[in-house]
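# Geometric and topological summary
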Amino acid sequence: MQAAIIRKIIPKLLTQMHAKYTEEELASDPELTRFNIMFDRETYSPLFFQNLWQLFRVAVLTYRKNVKDL
């Protein structure tokens, strides 16, 4: 699933969605995101989420069930 998201889904979204921010705005503000993707707990993977940010500036909404000691 992760490979499909990176290789197919995100590139398609990048070409078909209207950009909220310009490349210049993204370059000048390291906290801006291109868009958000929501994942259920079955796809919880901090490393994958970090890769989405580093590769595409895509933010993630998710949760972990039964988290203790945060």
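Preceding block: the structure.
My aim in this report is to walk through the structure given alongside it, one point at a time. Please read these numbers as outputs of a predicted model, since none were measured by experiment. (Residues numbered from 1 in each chain as written. Predicted model: local features only at pLDDT ≥ 70, side-chain atom pairs only at ≥ 80, totals over all residues. Heavy atoms only, no water.)

## A word on the packing of helix 1 (residues 2–16) against helix 3 (residues 46–56)
With their axes 12 Å apart at the nearest point, helix 1 and helix 3 run at an angle of 35° to one another. In the packing of helix 1 onto helix 3, the handedness of the crossing is right-handed. On helix 3, the residues touching Gln-2, Ile-5, Ile-6, Ile-10 and Leu-14 of helix 1 are Phe-48, Leu-52, Leu-55 and Phe-56. (Axes fitted to C-alpha atoms, helices over the stretch in contact; angles between N-to-C directions. Helix = DSSP H or I, 4+ residues; strand = E, 2+ residues; numbered from the N terminus. Left-handed = near helix turned anticlockwise from the far one by under 90°. Contact = heavy atoms within 4.5 Å.)

## Brief notes about unusual backbone geometry
For Arg-57, which is not glycine, the phi torsion reads 60° and is therefore positive. Within the secondary structure, Arg-57 is located in the loop between helix 3 and strand 2 (58–61).

## A word on the packing of aromatic side chains
Tallied over the entire structure, the rule returns four aromatic pairs. Residues Phe-48 and Phe-49 carry aromatic rings whose centres are separated by 6.2 Å and whose planes lie at 50° to one another, so their mutual orientation is tilted. As far as the burial class goes, Phe-48 and Phe-49 line up, both buried. Joined through ring pairs, the aromatic side chains of Phe-39, Tyr-44, Phe-48 and Phe-49 make up one cluster. (Phe/Tyr/Trp six-rings, centres within 6.5 Å; stacked < 30°, edge-to-face > 60°. Buried < 20%, exposed > 50% of the residue type's maximum accessible area, 1.4 Å probe, protein only.)

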